[in-house]
Amino acid sequence: MGKFCFVIHPLSFEDVARYEPGAAGKGRPIVSKILEWMPSYAAAHVTGVRAPDGRETEGWFVAAPLLPQQMLDLPREEVYARIVRAIEIGAQLGAQIAGLGAFSGVVGDGGVTISQRASIPVTTGNSLTIAAGVESFFRGAAEMGVDPATATAVVIGATGSIGAACVRMIALRVREIVLVARNETRLRKFHETIADELPCPSSYTTALSAAVRRGDMILTATSSTQEIVEPGDLKAGAVVCELSLPHDVSRRVALERPDVLVLEGGNMRVPGEPRIMRVREPGREFDLGLPPGTALACMSETMTLALEERFESYTLGRGIDLERVLEIERLAKRAGFELADLRAFDLAITPEQLAKTRAAAAARRAVAS
Ligand SMILES: NC(=O)c1ccc[n+]([C@@H]2O[C@H](COP(=O)([O-])OP(=O)(O)OC[C@H]3O[C@@H](n4cnc5c(N)ncnc54)[C@H](OP(=O)(O)O)[C@@H]3O)[C@@H](O)[C@H]2O)c1
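Definitions and limits used
- Residues numbered from 1 in each chain as written.
- Predicted model: local features only at pLDDT ≥ 70, side-chain atom pairs only at ≥ 80, totals over all residues.
- Heavy atoms only, no water.
- Helix = DSSP H or I, 4+ residues; strand = E, 2+ residues; numbered from the N terminus.
- Rg over C-alpha atoms; globule rule 2.2 N^0.38 Å.
- Buried < 20%, exposed > 50% of the residue type's maximum accessible area, 1.4 Å probe, protein only.
- Contact = heavy atoms within 4.5 Å.
- Areas by Shrake-Rupley, 256 points an atom, 1.4 Å probe, with all protein chains shown as cover.
- Lys, Arg positive; Asp, Glu negative; His and termini not counted.
- Charge placed at Lys NZ, Arg CZ, Asp CG, Glu CD.
- Arc of directions from axis to C-beta.
- Polar contact = N/O pair within 3.5 Å; in protein donor to acceptor, adjacent residues only side chain to side chain.
- Pairing = 2+ DSSP bridges.
- Domains from an automatic or database assignment.
- Buried area = accessible area lost by both parts, 1.4 Å probe.
- Near = heavy atom within 4 Å.
- Nonpolar A, V, L, I, M, F, W, Y, C, P; charged D, E, K, R; others polar.

A. Examining the overall build of the protein chain more closely. A tally of regular secondary structure across the protein chain gives 14 helices and 17 strands. Expected size for 369 residues packed as a compact globule is a radius of gyration near 21 Å; at 20 Å, the protein chain falls within 12% of this value. Structurally, the protein chain occupies a C-alpha span of about 60 × 45 × 45 Å along its principal axes. Relative to its full complement of 369 residues, the protein chain shows a buried share of 56%. Considering only residue pairs separated by 6 or more positions, the protein chain has 71% of its internal contacts joining residues 24 or more positions apart. With the model as given, the accessible surface of the protein chain reaches about 15,200 Å², and the carbon-plus-sulfur share is 53%. Averaging the coordinates of the 41 positive side-chain charges in the protein chain and doing the same for the 45 negative ones gives two points 2 Å apart.

B. Quick peek at helix α9 (residues 184–194). Of all the positions in α9, only Leu-187, Phe-190, His-191 and Ile-194 are classed as buried. Along the long axis of α9, the arc covered by the buried residues comes to 100°, so they all point the same way. Among the exposed residues of α9, those pointing more than 90 degrees away from its buried face are Glu-192 and Thr-193. For α9, the N-terminal capping position is held by Asn-183, with its side-chain oxygen 3.2 Å away from the main-chain nitrogen of Thr-185.

C. A look at the pairing of strand β2 (residues 41–50). Most of β2 is tucked away, with 7 of its 10 residues classed as buried. Note: β2 against strand β3 (residues 56–63), 7 bridges, orientation antiparallel. If you follow Ala-44 over to β3, its bridge partner there is Phe-61. In this structure, β2 lies alongside strand β13 (residues 272–278), joined through 5 bridges in antiparallel fashion. Bridge pairing in β13 links Ala-44 to Arg-278.

D. Main features of the domain arrangement of the protein chain. Assigned domains within the protein chain: domain 1 (3–127 + 268–339) and domain 2 (130–266 + 342–368). The centre of domain 1, based on its C-alpha atoms, is set 26 Å off from the matching centre of domain 2. Contacts between the two partners involve 25 residues from domain 1, matched on the other side by 21 residues from domain 2. Roughly 1,900 Å² is buried in total at the junction of domain 1 and domain 2, and carbon and sulfur atoms are behind 66% of that figure.

E. Highlighting the site of the ligand. Close to the ligand lie 30 residues, the nearest being Thr-159, Arg-182, Asn-183, Thr-222 and Arg-318. For the ligand, an oxygen atom lies 3.2 Å from a polar atom in the side chain of Asn-126. The separation between an oxygen atom of the ligand and a polar main-chain atom of Ser-161 is 2.8 Å. If you list the elements that add at least two residues to the shell around the ligand, you get α7 (126–143), α8 (161–170) and α12 (297–307). Tallied by class, the residues present in the shell around the ligand amount to 15 nonpolar, 12 polar and 3 charged. Mapping the shell around the ligand onto the domain boundaries places at least three of its residues in each of domain 1 (3–127 + 268–339) and domain 2 (130–266 + 342–368).

This is the structure in C-alpha cells:
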C-alpha cells in the first residue's frame, strides 16, 4: 500500500484552535509567539481511503504550525526548515510522497526548494486543484444560469501557479477573460506570452475592484492573507469560485449580496470510509474544517498519487503543465474522487438557497437594467 503525508497549517488565528484546542480564547500576540516556536508534529492519521477497485492508502497530516502571514514574514530558511521537518516526520512514519497544503506550497518557489531538501517526492497538489477549481467554476455558472460563452471571466491571482493554468483552461469557454494580480510587470509579461494562444479576447489589470465589477464569473487563487473581494464590487448575479486559502472573498458578501453565488472550488469527496484521527489524543477525530469524507483537492492529489504508487514530485513551481492537470484529473476520477457538494463560507449550499440566489440575481439584474 502506498503511503502519503500532507503538510497542514492553521489559516487564521481562529483556525489555531482546530489544531490546539487549548489556544481558544488566548490573545493573538501569545498565539503568534507560541506558533513561532512550536516545532512541526504529526497531527492526524488518515485511514480508510479506498478506491472502487480495492486499492487503499493511508497517511498522516503533519503540521508545520505557522500562520500564512508568518510563512511570508519569517526568514525563508526557517520556514523551509519547518516544512521539510514536517515532511521528514511523515517519511519516518512511512510516507512515500508528501503534499504541501495551503501556504506551505506557496512560500518561496512553490515547493521546488522544499522538494530538493526532502527525502521523499513532494507535490503541491496544485494540478488537481486546478482541475477541480475549473470544474467547480463552470458548475457554479451552470447553477446560476450564467452562459460562459457570453460571460466575462476574471481570474484573480492570474500569474500564480494555480491561476495561470486556470486562465488557459477558462479562456477556452468564455467570451472574454481579465487577468488580475498586483505585480504589473510580471502580469504584463505573462499576458504577452499567452495572449496570442488564448482563444478569446483577454486583458490584464492590477485594479482589482474595477476588474471584479466587470466579472460575470470570477475565480480567485491568490496568496493574499486578507479578504480582497468586497460585496459592493460584485456584479448582479455574479459567480465567484474561491480556491484561495485563506479565503479572498469578504464574509460580508454572505450577508450583503444574496444575489451572488460564492463557492469553495477545491473540495473533493474522498472514496472509501476515510477517518482522520488525532495522533496526540487517541480516539479523537481531527477536524479538517470540511464535511466528513471531504478533503481539499491538493490533499486529494497527494492521496491519488499514493494510491497509484506514483512516488514522484508531480506538481511543483509556477508553470504547470496542462497535460499533468488532465492526467491527475483522470487518475483521481478513476480512484473515486469527485467534486464535493457545493459549499460557501464554511457551510453547505442547499438547493433552496441556490433557488433563492437565482431569484435574487434575476431581481437585481432587472433593477440594474
Ligand atoms: N483549495 C485547494 O485545494 C488549494 C490547493 C492549493 C493551494 N490553494 C491556495 O491557492 C492559492 C494560490 O496558490 P498558488 O500556489 O497558485 O500561489 P502563487 O503561485 O503564489 O500565486 C499567487 C497569485 O496571487 C497573486 N496575488 C497575491 N496577492 C494578491 C492580491 N492581494 N491581489 C491580487 N493578486 C494577488 C500573485 O501575484 P502578485 O504577487 O503579483 O499579486 C499570484 O498571481 C493560495 O491561497 C493557496 O493556499 C488551495
